[in-house]
Amino acid sequence: MKQLKINVNRVKKHFEELAKINSGRKGYTRCAYSKEEKEAKHWLVDQMNRLDIPVKLDSVQNVISRMGPAKGPAIAFGSHLDTVIEGGLYDGALGVIAGLEMMEILKEQNIQLPVPIELICFTGEEANPLGGTFGSRAMAGLIDYTPEYEKKLNDLGFNWEDILQAKREKSDFLSFLELHIEQGQVLEAHEQSIGIVTSIAGMIRFQVRVIGKASHSGTTPMNMRNDALLKSAGLIQAVHDIAKEYGETIVATVGEFSIFPNMANVVPGEATLLIEVRGSKREQMKEVEEKINEWIHRNLEDTEITPIVEKVPNVMSKSIQDEIEHACIDLGMSYQHMLSGANHDTNSMTHLTETGMIFVPSENGISHHPDEFTSWKEIEDGINVMLQTVYRLSNQYASLPLNQ
Ligand SMILES: [Zn+2]
């Protein structure tokens, strides 16, 4: 199959331009709905105008740019340009700049794909008052109305009508792809260039309140204490040990913790832990949750357990995974299949169409931090695999009777 190659110097230049749109002292700061995020999206609009490729902003400010036939379902791809506070250069930006470069190289080489392609830059992907992956959830019709939510929308310059208008149809898409940095260390550890994502992890969060008895730290002998913090320490260790038994398919974390009264001279009377379990298989996640609950009931007499949230894992399309694998083989790139532990806009898009995700290595697994790093060679390889995948998919879709 034909091999197209992108221009990595141009990609580098685009990263440099985007890096200037930043309000942080360290790293890169373009928070959701901020002046900087808007400016970054306008930078993208300017790029599309320069290339004379149609571009528009939808009602929630997602940037949508389309190449090829004006009508009919498209192969879409994209990511986001917002960042966390003092985040890295590559998270989100890579997927958007990759899409821009893919369109630019096709245009430059005068290649007309047989189906339309669309670059989408989603609004507000990182954690924000309207919830993370805001733009893609609006597009997939996944946002529920409540008066409180409408108030939050209004505070940020949107209204409920905008949410309704942003929704798109399944018939608008053939597939959706996202190129992203791994934000972990799996590819680096295994010395692989490309990660083919099999699914985006599901998540279970529940809160455990461990109750002890607050008492004076100076006057309560060691054998007369009921120390809630000490009891929680055992639970934290148990959460770690239980998840570890499952190898690489499950992770569990106590990431939020508070004690009461949290004073130097008081034996802690109460501790509240937030336990999070993520994994690719719902049954396995439920099993881990169950084992943690059993441990609690065996070892801690006085506790309250409150479920917080459960999100099912979303599986990436098998046929798109195969096309990404073929693209890697075409280009002689090393690859492995892997789970995405982090959430992405692709997660929302699974509700609209077949999806696929391509990961490139993150040095030392660092992300959401100024030290986030992926080499230009790794970026070049990633975008080339992405372009080759889109090229392969477009030919495949064109040969289906449906699209003739
Ligand atoms: Zn991201």
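For clarity, every value in this text was computed on a predicted model and none was experimentally measured.

### As for the overall build of the chain
Next, step 1: A tally of regular secondary structure across the chain gives twelve helices and 15 strands.
Next, step 2: Relative to a compact globule of 404 residues, whose C-alpha radius of gyration would be 22 Å, the chain shows 24 Å and is just as compact.
Next, step 3: For the chain, the C-alpha atoms occupy an extent of roughly 80 × 45 × 40 Å along the three principal directions.
Next, step 4: When the 404 residues of the chain are sorted by exposure, 53% land in the buried category.
Next, step 5: Looking at the chain as shown, the accessible area adds up to about 18100 Å², and 51% of this sits on carbon and sulfur atoms.

### Examining the sheet that holds strand 9 (residues 250–260)
Next, step 1: Strand order in the open sheet formed by four strands is 9-11-7-12, and the pairing between neighbours is antiparallel. Of all the strands in the sheet, just strand 9 and strand 12 (303–311) have a single pairing partner and so form its edges. Recorded for the sheet is a direction-independent mean angle of 15° between the axes of neighbouring strands.
Next, step 2: Across ten bridges, the pairing between strand 9 and strand 11 (residues 270–279) is antiparallel.

### Comments concerning the coordination of the zinc ion
Next, step 1: Taken together, His-80 (NE2), Asp-91 (OD) and His-180 (NE2) make up the full set of protein donors to the zinc ion, lying 2.0 to 2.2 Å away.
Next, step 2: Linear spacing of the donor residues for the zinc ion on their chain is H-x10-D-x88-H. Taken together, the positions of Asp-91 in the loop between strand 3 (74–80) and helix 3 (93–108) and His-180 in strand 5 (residues 173–181) put the pair 89 residues apart, joining distant regions of the chain. By the burial criterion, Asp-91 is buried, and His-180 matches it.

### Side note on the side chain of Ser-215
Next, step 1: One can find Ser-215 in strand 8 (residues 215–216).
Next, step 2: Only 3.1 Å separates the side chain of Ser-215 from the side chain of Thr-220, close enough to count as a polar contact.
Next, step 3: In this structure, Ser-215 is in contact with Thr-220, Asn-265, Val-266 and Val-267, ignoring residues within four places of it in sequence.

### A word on the packing of helix 10 (residues 318–330) against helix 12 (residues 376–398)
Next, step 1: With their axes 8 Å apart at the nearest point, helix 10 and helix 12 run at an angle of 125° to one another. One finds that helix 10 runs oblique with respect to helix 12. Here helix 10 and helix 12 pass one another in a crossing that is right-handed. Here Ile-320, Glu-323, Ile-324, His-326, Ala-327, Cys-328 and Asp-330 of helix 10 lie close against helix 12, whose contacting residues are Val-385, Gln-388, Thr-389, Arg-392, Leu-393, Gln-396 and Tyr-397.
Next, step 2: Of the residues belonging to the contact of helix 10 with helix 12, the class tally is seven nonpolar, four polar and three charged.

### Here's the deal with the nonpolar core
Next, step 1: In terms of nonpolar packing, the biggest core is built from 62 residues, with Phe-15, Ile-75, Phe-77, Ile-117, Leu-177 and Val-385 touching the most fellow members.
Next, step 2: Top contributing element to this core by residue count: helix 3, with ten residues.
Next, step 3: In contact with Phe-77, other than residues within four places in its own chain, are Gly-99, Met-102, Met-103, Ile-117, Glu-118, Leu-119, Ile-120, Phe-176, Leu-177, Met-386 and Val-390.
Next, step 4: In this structure, Phe-206, Val-210, Val-239 and Leu-300 belong to the second largest nonpolar core, which totals 23 residues.

### A word on the packing of aromatic side chains
Next, step 1: As enumerated under the stated definition, the model contains eight aromatic pairs in all.
Next, step 2: With 5.0 Å between their ring centres and 75° between their planes, Tyr-145 and Trp-160 make a pair best called edge-to-face. Of the two residues, Tyr-145 sits in the loop between helix 4 (134–139) and helix 5 (147–155) while Trp-160 sits in helix 6 (residues 160–166), which places them 15 residues apart along the sequence.
Next, step 3: What makes Tyr-145 partly exposed here is its relative accessible area of 40%.
Next, step 4: By relative accessible area, Trp-160 is classed as buried at 17%.

### Considerations on the side chain of Ser-65
Next, step 1: Following the sequence through the fold, Ser-65 ends up in strand 2 (residues 63–67).
Next, step 2: Setting aside chain neighbours within four positions, we find Ser-65 in contact with Met-48, Ile-53, Pro-54, Val-55, Met-103, Ile-117, Glu-118 and Leu-119.

### Examining the packing of helix 1 (residues 8–19) against helix 2 (residues 35–51)
Next, step 1: One can describe the packing of helix 1 onto helix 2 by two numbers: an axis separation of 10 Å at closest approach and a directional angle of 140°. For the pair helix 1 and helix 2, the sense of crossing is right-handed. Seen from helix 1, the contacting residues are His-14, Glu-17 and Leu-18; seen from helix 2, they are Ala-40, Trp-43, Gln-47 and Arg-50.
Next, step 2: Residue composition of the contact of helix 1 with helix 2, by class: three nonpolar, two polar and two charged.

Rules of the game
- All chains use their own residue numbering, which begins from 1 and follows the written sequence.
- Side-chain atom pairs in this predicted model are given and counted only at pLDDT of 80 or more, local residue features only at pLDDT of at least 70, and totals for whole chains, interfaces and linings cover all residues.
- Excluded from the side-chain calculation are hydrogens and water; included are all heavy atoms of the structure.
- What counts as a helix is a DSSP run of H or I of at least four residues, what counts as a strand is a run of E of at least two, and both are numbered from the N terminus.
- Using C-alpha atoms as the atom set, the radius of gyration is obtained and then compared with a globule rule of 2.2 Å times the number of residues to the power 0.38.
- Burial classes follow relative accessibility: with a 1.4 Å probe on protein chains only, a residue under 20% of its type's maximum area counts as buried, one over 50% as exposed, and anything between as partly exposed.
- In short, Shrake-Rupley with a 1.4 Å probe defines the accessible areas, and a residue's cover is counted only from the protein chains shown.
- The pairing criterion for strands is at least two bridges between them, as found by DSSP.
- Note on definitions: angles span 0 to 180 degrees between N-to-C directions of axes, and those axes are lines fitted to C-alpha atoms, for helices only across the stretch in contact.
- A 2.8 Å cut-off from the metal defines N, O and S donors, relaxed to 3.2 Å for Na, K and Ca; water is not in the atom list, so some sites may appear incomplete.
- Think of a polar contact as two N or O atoms within 3.5 Å of one another; within protein, one of them needs to be a possible hydrogen donor and the other a possible acceptor, and neighboring residues in sequence only count if both atoms come from side chains.
- Should any heavy atoms of two residues lie within 4.5 Å, those residues are considered in contact.
- Geometric relationships in this document are graded by angle, where less than 35 degrees denotes roughly parallel, more than 145 denotes roughly antiparallel, 65 to 115 denotes roughly perpendicular, and other angles denote oblique.
- Helix crossings get a hand from a simple test, with the near helix turned counterclockwise from the far one by less than a right angle marking a left-handed crossing and a clockwise turn marking a right-handed one.
- Charged means Asp, Glu, Lys or Arg here, nonpolar means Ala, Val, Leu, Ile, Met, Phe, Trp, Tyr, Cys or Pro, and polar covers whatever is left, Gly included.
- Residues grouped as a nonpolar core are buried Ala, Val, Leu, Ile, Met, Phe, Trp, Tyr and Cys residues, joined through side-chain atoms within 4.5 Å.
- Side-chain rings of Phe, Tyr and Trp (the six-membered ring for Trp) are treated as a pair once their centres are within 6.5 Å; stacked means planes under 30 degrees apart, edge-to-face means over 60, and tilted covers the remaining angles.

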